[in-house]
Each structure stands twice: as C-alpha cells, then as structure tokens.
Amino acid sequence: MTQSDRKRRSTRVSKVVSTPTATKMQVIWQNENVREFLAEFISTYVMMVFGLGAVADMVLGGKMGSYLAVNLGFGFGVTIGVHMAGNISGAHMNAALTFTSCALGRMSWKKFPVYVLGQFLGSFVAAATIYGLFYNAIIDFSGGKLMTTGPTATANIFATYLPDHMTLWRGFLDEVVVTGMLQLCLLAIADKGNNPTLLGTQAIVTGILVVIIGISLGMNSGYAINPSRDLPPRFFTFLAGWGSQVFRTKDWWWVPVVAPPLGAYCGAIIYLFFIGSNKRQEPQVLENPLAFEDHKISVLPKTTSHQHGVASLTPVSVYPEDRPSALYHP
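Not measured: the values here are computed from a predicted model. (Residues numbered from 1 in each chain as written. Predicted model: local features only at pLDDT ≥ 70, side-chain atom pairs only at ≥ 80, totals over all residues. Heavy atoms only, no water.)

On to the pattern of salt bridges, then. In this structure the tally under the stated criterion is four salt bridges. In this structure, Lys 111 and Glu 32 form a salt bridge, with 3.6 Å as the shortest nitrogen-oxygen distance. Within this pair, whereas Lys 111 is found in the loop between helix H4 (95-103) and helix H5 (112-133), its partner Glu 32 is found in helix H2 (residues 32-61), the two being separated by 79 residues in sequence. For Glu 32, a relative accessible area of 36% gives the class partly exposed. A salt bridge links Asp 230 to Arg 234, with the nearest nitrogen and oxygen atoms 2.6 Å apart. Pair noted here: Asp 230 and Arg 234 are both in helix H9 (residues 227-242), with a separation of four residues, about one helical turn. Each member of the pair, Asp 230 as well as Arg 234, is classed as buried. (Salt bridge = Lys/Arg side-chain N within 4 Å of Asp/Glu carboxyl O. Helix = DSSP H or I, 4+ residues; strand = E, 2+ residues; numbered from the N terminus. Buried < 20%, exposed > 50% of the residue type's maximum accessible area, 1.4 Å probe, protein only.)

Here it is as structure tokens:
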C-alpha cells in the first residue's frame with residue numbers, strides 16, 4: 001500500500017468517526033434555546049466587561065477614570081451587546097427586562113431560565129475577567145485588604161452599594177423608578193406602531209439611553225437596574241475574598257434583584273396604558289380562508305384585539321417577530 005493510499009484511507013476513517021459527533025454537535029448548536037443562551041451570555045459578558053472596566057478605572061485610576069466614563073462604558077457596552085445578540089435572542093442582557101417580556105406574554109416563561117442563566121454566567125465571567133486584569137491595581141489600592149466600605153473599598157467595582165445619604169427603602173424606590181424609566185423608554189424606541197428609531201439605529205439609541213439614565217439618575221443607588229448586572233459579580237466577590245460583607249453591608253444585596261423587575265413591569269404597563277391604548281389602529285382587509293372564495297372580512301392588526309371597544313395592550317419588538325427583544329441595560 002502506497003503512502004498516498006494510506007492517507008486516503010486515514011481520511012475516510014477520520015470522516016466516518018467524526019461525522020456522528022459533528023452532526024450531534026451541529027444539532028445542539030442549532031437548537032434555539034442553545035443559541036439564545038449563548039447570545040445572552042456573550043452579549044452580557046461584553047456589556048459587563050466594558051462597564052466594570054470603566055468602574056475599575058474610576059475607583060483605582062484616579063484621574064484615569066470618571067463617572068462619565070462609567071456611564072459611557074455601560075452605555076456603549078449595551079450598544080455592542082445589541083449588535084451582537086439582537087437578531088438571535090433580542091439582546092435582553094437584563095433579567096428585569098426578560099421578566100417583563102414573559103409577564104406581558106411577549107415570550108414563553110420556559111425561556112426565562114435560559115435567558116437569565118446566560119446573563120448570569122456572562123456577568124459572572126466578566127467579573128472574573130476584570131478581577132484578573134486589574135488584580136495588581138486592586139491589591140495596590142486596597143493594601144491587600146479587600147473591603148466593601150471605606151476609602152479603600154474595592155467591592156464597589158463589581159456591584160452596587162448604597163451610599164450613606166440613602167436609606168434601604170429609598171434605595172428600593174429609586175431602583176423601581178429608574179428601571180421603570182428604562183423600560184418605558186425602551187418600549188418607545190422599539191414601538192413600530194408609534195415613532196420608533198430609524199432602522200439600524202436602535203442599538204446606538206439604546207446605549208445613549210443608558211448613558212442618560214446614568215448621568216441623570218445614577219447617584220442615589222448606582223443604578224443597578226438589572227439583577228444580571230449586580231448579583232453575579234457580587235457573588236464573585238464573595239468567592240474571591242471579599243467575604244460575606246458583600247451581602248451584609250446595609251442589607252442591600254436583595255434590592256437590585258427584586259426592585260428592577262417590579263420597576264420594569266410598572267414601566268411597561270405605564271407605557272402601554274398611556275401610549276399603547278391610544279394608538280390609532282387602521283383596519284385591514286384580509287381574505288377569510290374559512291368563508292366563500294369572494295368573501296372578505298375587515299379586521300384590526302394582529303397585535304391588538306377588541307373586546308367591548310377596548311384594545312388589548314401588546315408591546316412590539318424592534319427585531320423580527322420571533323425574537324423577543326427587550327433591547328436592554330446594565
């Protein structure tokens with residue numbers, strides 16, 4: 001047998017052996033839940049790396065960082081995340097927005113754990129990435145003592161902590177209102193039946209929205225407005241050496257988990273009540289396949305239904321109809 005024949009035989013055997021595995025992997029990767037999980041993972045990871053990196057620059061770098069830079073980091077991190085995952089999962093990157101999408105019937109509750117798990121893992125890995133990149137600076141700044149409060153605190157690089165001028169319940173209210181503003185504006189950006197952003201500009205406009213929220217409303221509670229932004233990095237700091245104080249300090253840890261979903265839901269209801277129910281609906285003439293060939297009926301667009309003259313409140317997506325876009329934030 002010549003060397004050429006051996007190579008051909010080896011190649012054929014390799015193909016026979018690898019084909020079942022490759023086919024199985026291809027089937028897995030093409031699964032819709034897997035694709036959406038991966039999309040939420042990588043988009044949240046990118047958003048959090050840029051956002052937490054900007055916070056690290058502000059805390060550790062003195063003049064190297066600023067509060068404006070933090071807002072820009074999170075804002076444009078969101079923009080890139082939307083570009084990455086918008087046409088696959090809708091680029092939620094935020095468990096509060098995913099919760100609201102499910103609560104309003106825009107997506108199945110079965111997808112909720114898929115989305116949130118992707119977001120949480122992406123955020124956790126992003127925190128680990130920033131910790132690795134800034135490890136020497138963190139140790140130098142803190143003197144080797146990883147603290148959650150005080151002038152050398154570094155836990156605030158990764159998660160939000162309530163400032164001295166705020167009480168717990170005022171912080172809770174702040175998170176509800178600010179997250180409500182986020183969801184309210186996201187629906188306006190994405191509402192095709194109203195005055196949405198121009199095609200192709202949704203990502204940049206969403207990023208600008210996040211920057212505006214941070215600049216105008218971020219001082220009181222650090223505008224977590226996203227369980228996926230706050231809880232996974234907080235848990236990472238617990239494991240990385242900051243200890244249980246990351247959960248005990250002012251008993252704040254649960255607020256960025258509970259308040260944002262409540263705020264996002266309220267923001268969506270407010271938009272749909274004030275705007276969604278007032279939009280003019282143009283009737284359409286469609287063929288009725290169940291009737292005679294020439295019979296036609298007049299119906300309203302499928303996004304609304306009328307019962308006793310009241311339109312149902314159904315939000316719209318900026319992405320294809322099968323992609324439950326929430327657009328997003330940090």
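With that settled, consider the UniProt feature "transmembrane region" (unreviewed entry) in the chain. Under the feature "transmembrane region" (unreviewed entry), the UniProt entry names residues 37-56, 68-91, 112-134, 168-190, 202-225 and 252-274. Helix makes up 100% of residues 37-56 and strand 0%, and the two end C-alpha atoms of the span are 28 Å apart. This span, residues 112-134, is 96% helix and 0% strand, and a straight line between its end C-alpha atoms measures 33 Å. (UniProt positions renumbered as here; feature names shortened; annotations may be inferred.)

With 16 residues, H9 extends just 20 Å between its outermost C-alpha atoms, more than 12% less than the 22 Å of an ideal straight helix rising 1.5 Å per residue. Within H9 the residues assigned to the buried category are Pro 227, Ser 228, Arg 229, Asp 230, Leu 231, Pro 232, Pro 233, Arg 234, Phe 236, Thr 237 and Trp 242. Of the residues flanking the start of H9, the one acting as N-cap is Asn 226, its side-chain oxygen 2.8 Å from the backbone nitrogen of Ser 228. Looking one or two residues beyond H9, the residue adopting positive phi is Gly 243, at roughly 80 degrees. (Expected span 1.5 Å × (residues − 1). Polar contact = N/O pair within 3.5 Å; in protein donor to acceptor, adjacent residues only side chain to side chain.)

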